[in-house]
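A look at the structure
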Amino acid sequence: MNRKWVVNASPLIALAKISHVSLLYDLCVEMIIPDGVAQEVNDGPVDDPAKSWLQGEGGRWIQVVGRVDAVIAAWDLGLGEGQVLSWAYTHPGYEAIVDDRAARNCALSLGIQFRGTLGVILLAKREGRVPQVNPLFDQLIETGFRID
């Protein structure tokens, strides 16, 4: 396994809500959470499990990313999505972990590898980290996560 991931807020929040945020760092050798993503999570609800996780154990993965690359900024994405995609764009070998449709379209058009929350769970199943995906998908839906 030589996966390197840069993670956006939605996958982090969704997986923290179902107590599986560990899948993010268990399935890769290197993980980056841009400071803009951390800011978005920390600006969220007080009782958000992702916020608690970032303020504790998760804080070690926060990295200052700085400004968003101009080619990414042209897509007018949020700060977190912009930083995630900028990191992956300027650091070959990193995969963006994003759920946002516009961010995924940007990644696709620029040749940035990406996967979403469901892709992380499916990978976890393939690698034997979770026994079944349907219970996790059901839990995500119960938390308000939309699955097409």
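All of the points below concern the structure found in this document. Computed from a predicted model, the values in this text were never measured in an experiment.

**Regarding unusual backbone geometry**
- Notably, Ser-19 is not glycine yet its phi reads approximately 60 degrees, a positive angle.
- Tracing the sequence through the fold places Ser-19 in the loop between helix H1 (9-17) and helix H2 (22-26).
- For Ser-19, a relative accessible area of 64% puts it in the exposed group.
- Phi is positive for Asp-76, which is not a glycine, with a value near 55 degrees.
- Counting through the fold element by element, Asp-76 comes out in the loop between helix H5 (70-73) and helix H6 (79-90).
- Classification of Asp-76 as exposed rests on a relative accessible area of 70%.

**Concerning the pairing of strand S1 (residues 4-7)**
- Pairing analysis gives three bridges linking S1 to strand S2 (residues 30-34), with the strands arranged parallel. Its bridge partner lying in S2, Lys-4 is registered against Glu-30.
- In terms of strand pairing, S1 meets strand S4 (residues 94-97) through four bridges, oriented parallel. Looking at S4, one finds that Val-7 is bridged to Ile-97.

**Describing the environment of Leu-122**
- Position of Leu-122 relative to the elements: it lies in helix H8 (residues 117-126).
- Look at Leu-122 and you get partly exposed, because its relative accessible area is 37%.
- Remark: the alpha-carbon pair of Leu-122 and Asp-48, spanning 74 residues in sequence, is separated by 24 Å.
- For Leu-122, the contacting residues outside a window of four places in its chain are Val-133 and Phe-137.

**Things to note about the pairing of S2**
- Taken across its five residues, S2 has four buried, putting it largely inside the fold.
- Relative to strand S3 (residues 62-63), S2 runs parallel, the two being bridged by two bridges. Looking at S3, one finds that Pro-34 is bridged to Gln-63.

**Notes on the sheet that holds strand S5 (residues 114-115)**
- Taken together, the five strands give an open sheet; going across it, the order is S3-S2-S1-S4-S5, and neighbouring strands pair in parallel fashion. The open sheet has two edge strands, S3 and S5, and neither has a second partner.
- Sheet strands touched by H6: S1, S2, S3 and S4. Its angle to S4, the strand with the most contacts, is close to 165 degrees.

What counts as what
Residues numbered from 1 in each chain as written. Predicted model: local features only at pLDDT ≥ 70, side-chain atom pairs only at ≥ 80, totals over all residues. Heavy atoms only, no water. Helix = DSSP H or I, 4+ residues; strand = E, 2+ residues; numbered from the N terminus. Buried < 20%, exposed > 50% of the residue type's maximum accessible area, 1.4 Å probe, protein only. Pairing = 2+ DSSP bridges. Contact = heavy atoms within 4.5 Å. Axes fitted to C-alpha atoms, helices over the stretch in contact; angles between N-to-C directions.

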